[in-house]
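# A structural walkthrough
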Amino acid sequence: MEADRMGNSTSSTWGKPAAAPVNQIQETISDNCVVIYSKTSCSYCNMAKKLFHDMNINYTAVELDLLEYGSQFQDALAKMTGERTVPRIFVNGTFIGGATDTHRLHQEGKLLPLVHQCYLKKSSKHVGDSV
Ligand SMILES: N[C@@H](CCC(=O)N[C@@H](CS)C(=O)NCC(=O)O)C(=O)O
Ligand code: FES
């Protein structure tokens, strides 16, 4: 029941160390060239998505407000990137910043090369893949 859940929220948080979200985040960012940790209600996040969309670049969006453990993911992201804010954007397995940083990278012409580097890496991995 609702009251149970509220009463247990502290202990269930203790029972779930941030290691699990960190591992999941690391897996997601190594599997996908562009990952945006986002919230559906956030216009900064939408602007970041639009930037990639307009460049015809596929991205993986993880909507933290729709995740049951979204707040723990935000804690993990804070540990990994120094900020708990959204969006948190990763390209080629590396944190590149929030919305402002990403737009700046794009203006400096550095965003597309990072993405292409990742595509190249992924396509070469499959050459001679025996699995
Ligand atoms: N300059 C940062 C601003 C990030 C920021 O302030 N994000 C707000 C939402 S727009 C936030 O994450 N607030 C806390 C939260 O939603 O948990 C960026 O461009 O990403
Ligand atoms: S722009 Fe307001 S929550 Fe991100």
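A quick note: this is a predicted structure, and the numbers were derived from the prediction, not measured.

It is worth spelling out the state of the cysteines at this point. Applying the stated criterion across every chain yields a total of one disulfide. Bridging C33 to C118, the disulfide has an S-S length of 2.1 Å. Across the S-S bond linking C33 and C118, the dihedral sits near -85°, which makes this disulfide left-handed. Of this pair, C33 sits in the loop between α2 (19-31) and β1 (34-38) while C118 sits in helix α6 (residues 111-126), placing them 85 residues apart in sequence. In this structure, C33 and C118 share a single accessibility class: buried.

Looking now at the sheet that holds strand β4 (residues 94-97). By definition, the strands of a sheet pair up through backbone hydrogen bonds, in either a parallel or an antiparallel sense. Ordered in space as β2-β1-β3-β4, the four strands form an open sheet in which the pairing is mixed. In this open sheet, the two edge strands, each paired with only one partner strand, are β2 (60-63) and β4. Pairs of neighbouring strands in the sheet enclose a mean axial angle of 25°, with direction left out of account. Where helix α3 (residues 43-54) meets the sheet, its contacts fall on β1, β2 and β3 (88-91), and the angle it forms with β1 comes to roughly 165°. In the packing of helix α5 (residues 99-107) onto the sheet, the strands contacted are β3 and β4, and the crossing angle to β4 comes to about 90°.

Cut-offs used in this document
- Residues numbered from 1 in each chain as written.
- Chains lettered and ligands numbered in written order.
- Predicted model: local features only at pLDDT ≥ 70, side-chain atom pairs only at ≥ 80, totals over all residues.
- Heavy atoms only, no water.
- Disulfide = S-S within 2.5 Å.
- Helix = DSSP H or I, 4+ residues; strand = E, 2+ residues; numbered from the N terminus.
- Buried < 20%, exposed > 50% of the residue type's maximum accessible area, 1.4 Å probe, protein only.
- Pairing = 2+ DSSP bridges.
- Axes fitted to C-alpha atoms, helices over the stretch in contact; angles between N-to-C directions.
- Contact = heavy atoms within 4.5 Å.

Spatial relationships are all this shows, so hold off on functional conclusions.
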